[in-house]
Amino acid sequence: MTPEREWDVADEVEWGIEEDIVWEETDEDEETILELRNDSQPSFFVRKFAVVWWRNGFYKAGKVDGLIRVTPTRTLFFDEKGKLRLSINNSDIKEIKLHEHESDFSIFYNEIITNKEVYDITTGVDKAQSEQNHKDLKSAISGNYDAPLKEIVDLQIVTSNEGKIKEFISIFGKTNFNPVKTNIDYPEIQASSLEEVVDFGLSWLQGKIKPPFVIDDAGAFIDNLQGFPGVYSRYVYDTIGLEGVLKQMENVEERQCIFRCVLGLMTESGEKHRFVGECKGTLIDEQRGDRGFGYDPIFIPEGFDKTFAELTSEEKNSISHRGIAMRKLIDFLLK
Ligand code: IMP
């Protein structure tokens, strides 16, 4: 096996969860070559590092928290569209193996062995997804693609909510659409339905953001409170919080609640479309779990005994109001 190459250049990648990755760039043969900073340990561990993974024929850049392993990444470059690419000639590839690396948590990576280098490319922390990714990568390299390669299209998601963005990225990861967080505050009008809020938001943003873009309005509609807080969910969350909601629900037996999500899409040709998802469940009388956001710790979806905040993001996305609406949006976009 090709030995891991000694690091001779150590350029640090500035890293922060809220910030874009800042790469150290050097020109080499007219390609922009990226050097990732390695720390001084010979074992090629870096703390907080930008990763690249394979999805449906594309490598994408992403970030992971924790310790991960990295070997030479000299052939990473930005293409003419600014997408991060890894260029390895298929014919140079001798072997691809999937490994699990254990540190504070398990992380999976594909080891790609070529005549010259060994590349360890992190695939993520999810075992099933990593195995799928490994299969996709192998089959893509042998010339088999599930679908013809499509150009990656940036899809602006207008929100300041980090929780929502994570859900978008998780669901859109398997498509050629790349969700990009766009933090523009648009007025949320006082309206009686999420649909009206979304329609107004789309019109207000038209001309201010390059389409295609998506806005998301969601809320918790509690049966016993005649659908309150509904369109006022954010306000209620920001003012009385979950404690306050639980207080309102003290000694209330009927605890059914529906989460609704309305996604609004503005297409490049200026058409507006809506996609709706709903998820029924009940509110419990305490907060459980630390995943998700908003009302997740007090909401148990139908058929489950865990709150949204206790489910993994994959589990939540598979049944949630936003997951359902996003899949409808994806079906539409892919057509
Ligand atoms: P927004 O106006 O669409 O940002 O959402 C209104 C409020 O509903 C948010 O501030 C959250 O508290 C809540 N919310 C929206 N979606 C979810 C969700 O998926 N889980 C939990 N709470 C949510």
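Quantities reported herein were computed from a predicted structural model and do not represent experimental measurements. (Residues numbered from 1 in each chain as written. Predicted model: local features only at pLDDT ≥ 70, side-chain atom pairs only at ≥ 80, totals over all residues. Heavy atoms only, no water.)

A word on the packing of helix α2 (residues 162-172) against helix α7 (residues 321-334)
- Across the interface, α2 lies against α7 with an axial gap of 11 Å and an inter-helix angle of 45°. It follows that α2 is oblique to α7 by the angle criterion. Crossing angle aside, the handedness with which α2 passes α7 is right-handed. Taking contact as the criterion, the partners of Lys164, Glu167, Phe168, Ile171 and Phe172 in α2 are, on α7, Arg322, Gly323, Met326, Arg327, Leu329, Ile330 and Leu333.
- Here the contact of α2 with α7 is built from residues that sort into seven nonpolar, one polar and four charged. (Axes fitted to C-alpha atoms, helices over the stretch in contact; angles between N-to-C directions. Helix = DSSP H or I, 4+ residues; strand = E, 2+ residues; numbered from the N terminus. Parallel < 35°, antiparallel > 145°, perpendicular 65-115°, else oblique. Left-handed = near helix turned anticlockwise from the far one by under 90°. Contact = heavy atoms within 4.5 Å. Nonpolar A, V, L, I, M, F, W, Y, C, P; charged D, E, K, R; others polar.)

A few points about α7
- Here α7 spans 20 Å end to end across 14 residues, near enough to the 20 Å set by a 1.5 Å rise per residue.
- His321, Arg322, Gly323, Ala325, Met326, Leu329, Ile330 and Leu333 are the residues of α7 that are buried. (Expected span 1.5 Å × (residues − 1). Buried < 20%, exposed > 50% of the residue type's maximum accessible area, 1.4 Å probe, protein only.)

Points about the pattern of salt bridges
- Counted by the stated rule, this structure contains twelve salt bridges.
- Lys127 serves as the salt-bridge partner of Glu131, at 3.5 Å between the closest nitrogen and oxygen. Of this pair, Glu131 and Lys127 both sit in helix α1 (residues 127-141), separated by four residues, roughly a single helical turn.
- Relative accessible area serves as the criterion here: at 48%, Lys127 is assigned to the partly exposed category.
- A salt bridge links Glu278 to Arg260, with the shortest nitrogen-to-oxygen separation between them at 2.8 Å. Of this pair, Glu278 sits in strand β15 (residues 272-283) while Arg260 is found in strand β14 (residues 256-266), placing the two residues 18 residues apart along the sequence.
- Residue Glu278 is classed as partly exposed on the basis of its relative accessible area of 40%.
- On the accessibility criterion, Arg260 (17% relative accessible area) is buried.
- Three or more residues joined by partner-sharing salt bridges are found here, namely Lys164, Glu167, Asp216, Asp296, Lys316 and Arg322. (Salt bridge = Lys/Arg side-chain N within 4 Å of Asp/Glu carboxyl O.)

Description of the site of the ligand
- By nearness alone, 16 residues border the ligand, and Lys164, Ala218, Asp296, Lys316 and Arg322 come closest of all.
- Contact distances for the ligand include 3.0 Å between an oxygen atom and a side-chain N or O atom of Asp217.
- Burial of the ligand by the surrounding chains reaches 96%, relative to a free accessible area of 470 Å².
- Assessed atom by atom at 2 Å from the grid points, the ligand resides in the second largest pocket. (Near = heavy atom within 4 Å. Polar contact = N/O pair within 3.5 Å; in protein donor to acceptor, adjacent residues only side chain to side chain. Areas by Shrake-Rupley, 256 points an atom, 1.4 Å probe, with all protein chains shown as cover. 1 Å grid on protein atoms, 1.4 Å probe; cavity = no way out; pocket = protein on both sides within 12 Å on 5 of 7 lines; lining within 4 Å. Sits in = over half its atoms within 2 Å of the grid points.)

Section: the packing of aromatic side chains
- Within this structure, the stated rule accounts for eight aromatic pairs.
- Plain terms: the ring middles of Phe259 and Tyr295 are 6.5 Å apart, the flat faces sit at 80° to each other, and that makes the pair edge-to-face. Within this pair, whereas Phe259 is found in strand β14, its partner Tyr295 is found in the loop between β15 and β16 (299-301), the two being separated by 36 residues in sequence.
- Since its relative accessible area comes to 6%, Phe259 is described here as buried. (Phe/Tyr/Trp six-rings, centres within 6.5 Å; stacked < 30°, edge-to-face > 60°.)

Section: the confidence of the model for the protein chain
- Of the residues in the protein chain, 64% have a pLDDT of 70 or more, and the chain-wide mean is 73.
- In the model of the protein chain, strand β2 (residues 31-35) stands out as the element of lowest mean pLDDT, 29, in contrast to β16, which has the highest, 98.
- Scored below 50 in pLDDT, residues 1-79 shows 204 contacts in the model against residues more than four places distant or in partner chains.
- Here residues 145-149 is modelled with pLDDT under 50, and outside its nearest four sequence neighbours on either side it reaches four contacts, counting other chains as well. (pLDDT = per-residue confidence, 0-100.)

With respect to the layout of surface pockets
- Looking at the second largest pocket, its volume works out to about 530 Å³.
- Every residue lining the second largest pocket is counted, 30 residues in all, and those nearest its centre are Asn161, Lys164, Ala218, Arg234 and Phe293.
- Looking at the lining of the second largest pocket, the elements with two or more residues in it are β12 (213-222), α4 (233-239) and α7.
- Tallied by class, residues from the lining of the second largest pocket come to eleven nonpolar, nine polar and ten charged. (Points joined across faces, edges and corners; volume = space filled by probe spheres on them.)

Quick notes on the side chain of Arg255
- As for its position among the elements, Arg255 is in the loop between α5 (241-248) and β14.
- The buried charged residue Arg255 lacks any salt bridge partner; its closest oppositely charged side chain belongs to Asp285, at an N-O distance of 5.8 Å.
- From its side chain, Arg255 meets the backbone oxygen of Ile284 in a polar contact 3.1 Å long.
- Among all residues touching Arg255, those that are not within four sequence positions of it are Leu246, Met249, Gly281, Thr282, Leu283, Ile284 and Asp285. (Lys, Arg positive; Asp, Glu negative; His and termini not counted.)

A look at the pairing of strand β8 (residues 106-114)
- Burial analysis of β8 places eight of its nine residues in the buried class, which makes it a mostly covered element.
- As defined by bridge partners, strand β7 (residues 93-102) adjoins β8 across nine bridges and the pair is classed as antiparallel. For His99, the partnering residue across the bridge sits in β8 and is Tyr109. (Pairing = 2+ DSSP bridges.)

Remarks on the side chain of His321
- Within the secondary structure layout, His321 lies in helix α7.
- The exposure class of His321 is buried, given its relative accessible area of 2%.
- Sequence-distant contacts of His321, defined by excluding residues within four places in its chain, comprise Ala218, Phe259, Arg260, Cys261, Gly277, Glu278, Cys279 and Phe308.

What about the pairing of strand β11 (residues 177-182)?
- Pairing geometry for strand β10 (residues 153-158) and β11, over six bridges, is parallel. Considered in β11, the bridge of Val153 is made with Phe177.
- Crossover connection from β10 via α2 to parallel β11: handedness right-handed. (Right-handed = clockwise from strand over helix to strand, strands pointing away.)

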